[in-house]
Amino acid sequence: MSLDIRLLGPLEVAVDGRPVWLAGRLRSVLAVLAMSAGRTVPVERIADALWSQGELPGNPRASVQTYVARLRGLLGAGLIGTEPAGYLLRAGPGGVDASRFVALLDEAAAASEPSRERARLAEALRLWRGRPFEGVESVWLRDTLAPRLTERYLAAVERRIDLDLAGGAPGDLVAELTELTSRHPLREPLWSRLIEVLQRSGRQAEALERYETIRRRLAKELGTDPGPGLRAMHTALLAGQRPELAGQRPEPAGQRPEPAGQRPELAGQRPEPAGQRPELAGQRPEPAGQQKPAPAAVVPRQLPADIVAFTPREEALSTMDGALRDAVGMVIVAIGGAGGIGKTTLAVHWAHRVAERFPDGQLYANLRGFDLSGTPRPPAEVVRGFLDALRVPPHEVPAEHEVQVALYRSLLAGKRMLVVLDNARNAEQVRPLLPGSAGCLVVVTSRDRLSGLVAVEGAQPLALDVLSPAEARGMLAHRLGAQRVGADPEATGRIIARCAGLPLALAIVAARAALRPDLALQAVAQQLDNGAKELDAFADADPVSDVRTVFSWSYRTLSPPAARLFRLLGGHPGPDVSTAAAASLAGVPPHEAGELLAELAGAHLLTGHGHDRYWNHDLLHAYAAERAQEVDTQADRRAAAQRVLAHYLHTAHRAARLLDPNRDLAVPAEELPGVSITGLSDRDAAMAWLDTEHRCLQKVIEWAGSAGFDSIVCRLTTILVGYLDLRAHWHDAMNSQLTALAAARRLGDAAEEARVRGRLSRAYTMLHRHDEARAELQRALEISGELGDLQGQALAHHHLAFMFGRQGRYREALDHVGQELDLARAAGYRRMEAMALNGTGWFHARLGELDLAAGYCRAALDIHDELGNRYGEASTWDSLGYIRHQQGLHREAVECYERSAALYHGLGDDFCMAETLIRLGDTRVATGDAASARAVWQEAARLLTALGRAEASQAEARLEGLESEIASG
């Protein structure tokens, strides 16, 4: 199959001579593949061509695959191949006019004779049919590739005209140049040639008139004067001299050697002799022996001033020092981070610190990648600025961007130059600005990860995070004085906390405090606390110092789906979020959410940490919330909240059932559309998920309560009771149940209120707040009695027995556990009956009534075994271990304790396991096995210390007593 694709004008496609009509984005896909015919095109490159940054679909890769499949159906499957990295278009030689055009220009540039050069140029120019990619809807093709091709076309036209002028008959060129200047009215090289052709044709008055035309046009549209070449031509015309600026005769064959490795990439421009810069098109070289001397060497010093009060970031500085120390070639350090994180400050400070190692100077450019204007600086503009800094005379700066880059790199070749490229948009903006010399250092800052620069150019990545509290305090001390900061550490801490460690926010606050030396830091902290909105305290008239403005620069670069997710994350309470939770928040599949999170992380609006966790600091979170209030409707925000709460509720329910299958947990309501539930395969996976999400779940409960999702609060706190008990998170249990109590009362659900008060009392009991526990239980009993809820009354008595037992008040505990047992049997609640039986046995044992105690515990064990209640079994085996120990049956006691500890270990209940181990150690000592006792007490101390429990002292005291006994005897 033969393929014919024409891109140098309106898109035309033919397969085996048969025209193929393409529509919409299929035209863009084909054009991108055709421009790299025979080479693999990454999917990302195709996506960039199909959609601008703000239009990317949720899954660009899948969308590209769909378009390629459709294109294969129209062209024939064999013409587009699938490669590991992307897709490849199989087109024969000459099958793509743009490729043929470039190849002919390259042949022309390499031609040894003017006639052969002109023939190749003419053949290439005949392929040109108009504006490249006409009818192709792709910003990338229109704004990036089309200008490059047009530039090569114009350079080829100008070179061909030069060759024609050298051969005579200038009058034949007037019409062509007149038409060209009308289509390209600001291209000075074309006007230069037109003026010369008119003068050589004896039409001097017209030549002067054309000069005046271009002068006025440049002044009106660009506010500039004609360049040196046109001005010199005008002077020659006024003096009656022949202005041979464009039509010099080409060099004879064999006198244009091409230096190895320095061939200009712009086809159509004649390579120059070794050692000479490419001439400005239309400027005649100086006669032999009259070349201008090379400009005097200069040492540019463009670094901005260093920050005197720089807050040391020792780890970051050490990383950069290491990259420079270990380098074998050119060093590129890429500093990434969110807006206001201090990237520029760090880059400039370090650049000053190492500047003396680069004696040939420092270049600096703000690339404005995330500027207010939304338009990053073009690399061509930056290169021209660098050439100016290197004192290249304006008339010696080549017209073409690629040649300017080549000149820039040539000037830096063999030198030790430091280049700072600040606020880069992406790797593509940076690459043309990289020197080619191994002795240079480049420091790049960006909110983008610059992963391409790391992967291809070997840049050393450095992700910058917020300041630590110590660093933030040091920054304030530098700016406000150590005495002022140290005088009120509490206020200083509040300021640091409100600024979330963000250097920009700290700098804003410090600047304002410095203007009011009479103002106490307590007052500054109060102002921050009283801000109407989270970011109001950091608003500033200077947009560069306003954190809203700084954050907006990154926000505006996001695709619409990523921007929406960013806004919705502003409503998520944090402190971090998983992919599944983010997917639920946005109502998209997890794989799509993963791509959006990666985009946000790439823009440094989120930070990835650990496995599948993302967070942003408080000020970014506040900015996202503000944007959500401004952009998203209340209905959209509430729907997102419902979805993410459903994610946590359903996943937590799965986890709780895996931890304890015997718990009576109501099944949550039917899953909402767009909700992603995390798959949990077993008990270990459930515990791992709960451990990971623990802090987040506490925030979610508080958030849900404040947002009016009261029923979800009650259900979620009920579900999490078992986990919080297992991990001994008593303060969290107390706080979550207080939130649930308020929710239950707002709902008017008296039964739920009673249950919540019971759970709250358990947390109070474990925190030794017994009066509060008893008050809650008295109210729970009243409510359950009013409702006639036997199960609720039994549960309240269970908690009362537990409370009195923890206080050592065993007779009172026995009274309540007896009432629990009667109520449980009356309600037919077998699980609670078994719990009451075990409790009765335990309290009898504590009172020394051992035989009676053993009978109750054996009855409890039978029911727990019947129900498969492993948690109840563990508790009852512990009770039996204590009973056997007190009976002097130490071997049986050891067996009971070990069975209990094994069950607790399997359940992940470190607190109860540790308490059992303490008692097991007591029995081991009684049997004379001091080594085993030491081992279990050490393990108990380790577990309780890890949980932050005061009971660790019990194990430690036993260990100390054991060591003293061994030492004494």
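Computed from a prediction, not measured in an experiment: that's the story for all the values here.

A. Structural context of the overall build of the protein chain. Across its full length, the protein chain holds 41 helices and 13 strands. For the protein chain, the proportion of its 969 residues judged to be buried stands at 52%. Of all intrachain contacts in the protein chain linking residues separated by at least 6 positions in sequence, the fraction that spans at least 24 positions is 67%. By element, 51% of the accessible surface of the protein chain is carried by carbon and sulfur atoms, the whole surface being about 41800 Å².

B. Quick peek at the sheet that holds strand β2 (residues 12-15). An order of β1-β2-β3 is seen for the three strands of this open sheet, with the pairing classed as antiparallel. Pairing within the sheet leaves two strands with one partner each, and these edge strands are β1 (3-6) and β3 (18-19). Across two bridges, the pairing between β2 and β3 is antiparallel. Counterpart to Ala14 in the pairing with β3 is Pro19.

C. Representation of the pairing of strand β5 (residues 80-83) within the structure. Pairing of β5 with strand β6 (residues 86-89) involves four bridges; the strand directions are antiparallel. Across the sheet, residue Glu83 finds its bridge partner in β6, namely Gly86. Once β5 ends, the chain turns through two residues before running back antiparallel as β6.

D. Layout of the environment of Arg159. With respect to the helices, strands and loops of the structure, Arg159 is situated in helix α6 (residues 139-166). Of the residues examined, Arg159 reaches a relative accessible area of 12% and is grouped as buried. For the pair formed by Arg159 and Leu121, sequence separation is 38 residues and the distance between their alpha carbons is 8.3 Å.

E. Up close: the confidence of the model for the protein chain. The share of residues in the protein chain with pLDDT of 70 or more is 89%, and the mean pLDDT across the chain is 83. Ranking the helices and strands of the protein chain by mean pLDDT puts helix α24 (residues 579-586) first, with 96, and helix α22 (residues 547-555) last, with 70.

F. Quick peek at the sheet that holds β6. An order of β4-β6-β5 is seen for the three strands of this open sheet, with the pairing classed as antiparallel. The open sheet has two edge strands with one neighbour each: β4 (41-42) and β5. Bridge analysis of β4 against β6 gives two bridges, and the strand direction is antiparallel. Of the residues in β6, the one forming a bridge with Pro42 is Gly86. Packed onto the sheet, helix α1 (residues 25-35) meets β4, β5 and β6 and runs at close to 75° relative to β6.

G. Highlighting the pairing of strand β10 (residues 441-446). The element β10 is extensively covered by neighbouring structure, given that six of its six residues are classed as buried. As defined by bridge partners, strand β7 (residues 331-336) adjoins β10 across six bridges and the pair is classed as parallel. Residue Ile332 lies in a different strand from β10, and its bridge partner there is Val442. Bridging between strand β9 (residues 418-424) and β10 involves five bridges; their strand directions are parallel. Along β10, the bridge assignment pairs Leu418 with Leu441.

Each value, and the rule that gives it
- Residue numbers run consecutively from 1 along every chain, following the written order of its sequence.
- Reporting in this predicted model follows two pLDDT cut-offs: at least 70 for local features of residues, and 80 or more for side-chain atom pairs to be given and counted; totals over whole chains, interfaces and linings ignore these cut-offs and use all residues.
- With hydrogens and water set aside, each side-chain value is computed from the structure's full complement of heavy atoms.
- Each helix is a run of H or I in the DSSP string that is no shorter than four residues. Each strand is a run of E no shorter than two, and both are numbered from the N terminus.
- Here the term buried applies to any residue with accessible area under 20% of the maximum for its type, exposed to any over 50%, and partly exposed to those in between, with areas from a 1.4 Å probe on protein chains only.
- Contacts are assigned to residue pairs with any non-hydrogen atoms lying within 4.5 Å of each other.
- Computed by Shrake-Rupley with a 1.4 Å probe, the accessible areas treat only the displayed protein chains as cover when residues are assessed.
- Should DSSP find at least two bridges between two strands, the strands are taken to pair.
- Here pLDDT means the predictor's own confidence in every residue, given as a number from 0 to 100.
- Axes here refer to lines fitted to C-alpha atoms; in helices the fit is confined to the stretch in contact. Angles between the N-to-C directions go from 0 to 180 degrees.

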